[in-house]
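Architecture at a glance
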Amino acid sequence: VVLAAFGLWRQQATVDVALERELRADYANLIAALDAQTRSALAVSHAFATMPELKAAVRAGNRPAAIALMTEALARMKPLGLELITIQIPPGIAFARVHTPEAFGDDVSKRRKMIMEGFATRRPVGGIESGREVLNVFGTSPMLDGDTLLGVVDIGAPFGQTYVTTMKERFGVEVAIHQIEGDGSRTLASTTRSPPPPAATLKRALAGEMVFATGAQDGHPTATTFGVLKNYSGEPVAVVEIVRDTTAFADLATRSELWMAGGTAAAVLVAALIAAWLGRGMARPILALQSAMGRITAGDHALEVPGAQRGDEIGAMAKAVEVFKDSLIETSRLRQQQEQQRASTEQ
């Protein structure tokens, strides 16, 4: 029973380790998907930034022509999650937004550090950064006309419902994106039906800790992972919540417990039967010896001691009883001789 209890404990620990490994893999897969989307955004932005027709439109300040060149491409990109196309010109002015043509001319230099880095280094920059409304995955490529920097082409994939739905379909888990807002939290997008997590949990995740929690959803056990999302410069900006259905792990643990409990019960039963059989096998000759000693003590010296021919411990006990019997016989014989001598002396 003790071994079975230890086995159950170690087995549950093994299941927990396997589940944690699965949860860490979910987080790693989502980060890898973000990296892949960043590379896709960079590839698209580089393709636009090297278009001669687009360079000519930007050089001429022809906003409608620039938007017209990219409108059809935007429609093809949206199913992939790339929903934003913006052209920024120095010193940080939005020249054209293909996704919202009516919005242009605003200065983004204070909130779009990635754009400013692209201006300064004239190299592609990719990663997570805040857009006008929510976080986005951006890919920014410089648009160069010889040695002249015309601007940058900025391709973005917002952390909206399309993104979390795509991740859910791809990895088979529920996904939500959260940010700290004051003393509480703000959910950017979510496929879960659970309430927003406590701000304390998000703060732990933002500090770099991988936070795990268990719960239930729609009657099924779940395990949740909270992991940090970092921007292009490595600063924590949001927390991703990944909820996995752990019914398979729970069923595995339950089946293992049932098998272990059944095996333990069977082993205990067999051990009890063996113990009873051994006990009865040892009790019979001992009881026979006890009875023989009683009869010998009562004077039945002609009794043959049972088990004296055995070579085990019972046989040794029987031989000791025979010695006891012989001693009683000798004592009785001596007593009779004494009685005869006394009678003879008296006569």
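This text goes with the structure placed above it.
Below is a summary of the structure that appears in this document. Nothing here was measured: the structure is a model prediction, and the numbers come from that model.

1. Here's the deal with the side chain of T201
Relative to the helices and strands, T201 is located in helix α6 (residues 199-206). Other than its neighbours up to four places away in sequence, T201 contacts V211 and F226.

2. Quick look at helix α7 (residues 247-297)
Compared with an ideal rise of 1.5 Å per residue, which puts 51 residues at 75 Å, α7 spans 73 Å between its outermost C-alpha atoms and is within 8% of the ideal. Taken together, the buried positions of α7 are occupied by F249, A253, S256, T264, P285, L289, A292 and I296. Each element contacted by the buried residues of α7 is listed here: α1 (2-49) and α8 (313-346).

3. Considerations on the sheet that holds strand β8 (residues 211-217)
Pairing within the open sheet is antiparallel, and its 5 strands lie in the order β7-β6-β10-β9-β8. Each end of this open sheet is capped by a strand with a single partner; those strands are β7 (184-190) and β8. On average, each strand axis in the sheet is tilted by 30 degrees relative to the strand beside it, whichever way the strands run. For strand β6 (residues 174-181) and strand β10 (residues 236-245), the ladder comprises 5 bridges, and the chain directions are antiparallel. Along β10, the bridge assignment pairs I177 with V240. On the sheet, helix α5 (residues 161-171) packs against β6, β7 and β10 and is oriented at approximately 140 degrees with respect to β6.

Criteria and thresholds
Residues numbered from 1 in each chain as written. Predicted model: local features only at pLDDT ≥ 70, side-chain atom pairs only at ≥ 80, totals over all residues. Heavy atoms only, no water. Helix = DSSP H or I, 4+ residues; strand = E, 2+ residues; numbered from the N terminus. Contact = heavy atoms within 4.5 Å. Expected span 1.5 Å × (residues − 1). Buried < 20%, exposed > 50% of the residue type's maximum accessible area, 1.4 Å probe, protein only. Pairing = 2+ DSSP bridges. Axes fitted to C-alpha atoms, helices over the stretch in contact; angles between N-to-C directions.

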